[in-house]
Amino acid sequence: MTLHELAANLSSRLCTAIEAEPDGKKERRIAFALEGLISTGYSMLVIFFVSLVLGTVKQTMAALLFAGSLRTFTGGVHARTPTRCALMSGVIFGTLGLGVKYLPWPEGFLWNLTAFMVLATVILIFAPRETTNKKIPPAQRRVLRIWTVVLLLFFFFFLIYFLKTSNFLLTKALLLGMGWQALAVSPVLREKIEKRKEGE
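Calculation notes
Residues numbered from 1 in each chain as written. Predicted model: local features only at pLDDT ≥ 70, side-chain atom pairs only at ≥ 80, totals over all residues. Heavy atoms only, no water. Helix = DSSP H or I, 4+ residues; strand = E, 2+ residues; numbered from the N terminus. Buried < 20%, exposed > 50% of the residue type's maximum accessible area, 1.4 Å probe, protein only. Contact = heavy atoms within 4.5 Å. Areas by Shrake-Rupley, 256 points an atom, 1.4 Å probe, with all protein chains shown as cover. Expected span 1.5 Å × (residues − 1). Core = buried A, V, L, I, M, F, W, Y, C linked by side-chain atoms within 4.5 Å. Phe/Tyr/Trp six-rings, centres within 6.5 Å; stacked < 30°, edge-to-face > 60°. Axes fitted to C-alpha atoms, helices over the stretch in contact; angles between N-to-C directions. Parallel < 35°, antiparallel > 145°, perpendicular 65-115°, else oblique. Left-handed = near helix turned anticlockwise from the far one by under 90°. pLDDT = per-residue confidence, 0-100.

1. Quick look at the overall build of the protein
Reasoning step 1: In terms of helices and strands, the protein carries 8 helices and 0 strands.
Reasoning step 2: Reading the secondary structure of the protein in the N-to-C direction produces α-α-α-α-α-α-α-α.
Reasoning step 3: In the protein, which comprises 200 residues, the share counted as buried stands at 34%.
Reasoning step 4: In the protein, 75% of the contacts between residues at least 6 apart in sequence involve partners at least 24 apart.
Reasoning step 5: Per element, the accessible surface of the protein, about 12,200 Å² overall, is 68% carbon and sulfur.

Set out below in structure tokens:
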């Protein structure tokens, strides 16, 4: 049974238990929500397991917090199946966790603020990212862009605080998380994935 079939089955049973007459539209909506919820939980388990093996749970979760909160509004690359998504997430965030833990990092304000501004500019230029199967309506795009700006402003003040308190774990987690999201919405990664799909 695929994840989609599992979500559809659970949705059908839930609607049957709640309502006497089944509503196909409501079932599809619930199935879509359940599929996303289960898929996210699956990916989170894989990320946690990988970080546990690598000994980077704290670092990986910090990078995931910043990258994941941005992804909510900016979108990003998607894998074809939930299993691929979970495996890719494990590799990507496992690598970010290692970077947060072991990567040497300059302590000065200038380098970190410059890096932040470059990454924020890339994100604001290309986000929110549409997928091939789902286009974003103009009104929703404006809302997503506004929330992206708001979140980046919060990140900016967080970064200032982290630098003032010499919290380089969270400084690296924030900037590496932003770095992944900048790459995830950029045309560079999009073109590579599209070429790979054409070759399959």
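Structure's up, so let's keep going.
2. Looking at helix H4 (residues 82-102)
Reasoning step 1: The end-to-end C-alpha distance of H4 is 30 Å, a good match for the 30 Å that 21 residues give at a rise of 1.5 Å each.
Reasoning step 2: Ala 86, Ser 89, Gly 90, Ile 92, Phe 93, Gly 94, Leu 96, Gly 97, Gly 99 and Val 100 are the residues of H4 that are buried.

3. Section: the side chain of Thr 60
Reasoning step 1: Along the polypeptide, Thr 60 turns up in helix H3 (residues 57-74).
Reasoning step 2: Exposure remark for Thr 60: the relative accessible area of 0% places this residue in the buried category.
Reasoning step 3: Here Thr 60 is in contact with Ile 47, Ser 51, Phe 93 and Gly 97, once residues within four sequence places are set aside.

4. Overview of the nonpolar core
Reasoning step 1: Formed by 33 residues in total, the largest nonpolar core has its most connected members in Phe 93, Phe 116, Phe 155, Leu 174, Met 178 and Trp 180.
Reasoning step 2: Elements with a minimum of two residues in this core: H3, H4, helix H5 (109-126), helix H6 (138-164) and helix H7 (168-185).
Reasoning step 3: At 9 residues, H7 tops the list of elements feeding residues into this core.
Reasoning step 4: If we skip the residues at most four places from it in the chain, Met 178 touches Leu 70, Phe 116, Leu 119, Ala 120, Ile 123, Leu 152 and Phe 155.

5. Side note on the packing of aromatic side chains
Ring pairs (aromatic) are described by centroid distance and by the angle formed between their planes.
Reasoning step 1: Following the criterion strictly, the structure yields 9 aromatic pairs and no others.
Reasoning step 2: Consider the rings of Trp 105 and Trp 111, whose centres lie 6.4 Å apart with planes at 65°: the pair is edge-to-face.
Reasoning step 3: On the basis of relative accessible area, Trp 105 is assigned to the buried category, the value being 19%.
Reasoning step 4: Their ring planes at 25° and their centres at 6.2 Å tell us that Phe 158 and Phe 162 sit as a pair that is stacked. With Phe 158 and Phe 162 both in helix H6 and 4 residues apart, this pair spans about one turn of that helix.
Reasoning step 5: You can call Phe 158 partly exposed: its relative accessible area is 36%.
Reasoning step 6: We classify Phe 162 as buried; its relative accessible area is 8%.

6. Quick notes on the packing of H3 against H4
Reasoning step 1: Where H3 meets H4, the axes come as close as 8 Å, and the angle between the chain directions of the two elements is 115°. One way to sum up the angle between H3 and H4 is to call them roughly perpendicular. The element H3 and its partner H4 pack so that their crossing is right-handed. Residues Gln 59, Thr 60, Ala 63, Leu 64 and Ala 67 of H3 form the contact with H4, whose participating residues are Phe 93, Leu 96, Gly 97, Val 100 and Lys 101.

7. Digging into the confidence of the model for the protein
Caution applies to low-pLDDT parts of the model: their predicted coordinates are not meant to be read in detail.
Reasoning step 1: Summarising the model, the protein shows a mean pLDDT of 81, and 74% of its residues fall at 70 or more.
Reasoning step 2: Within the protein, helix H8 (residues 187-199) has the poorest average pLDDT of any element, 57, and H5 the best, 94.

8. Focus: unusual backbone geometry
Reasoning step 1: Of the consecutive residues Ala 127 and Pro 128, the connecting peptide bond is found in the cis state with omega at -5°.
Reasoning step 2: Within the secondary structure, Pro 128 is located in the loop between H5 and H6.
Reasoning step 3: Of note in the backbone geometry, Ser 166 takes a positive phi value of approximately 55° without being a glycine.
Reasoning step 4: Structurally, Ser 166 can be placed in the loop between H6 and H7.

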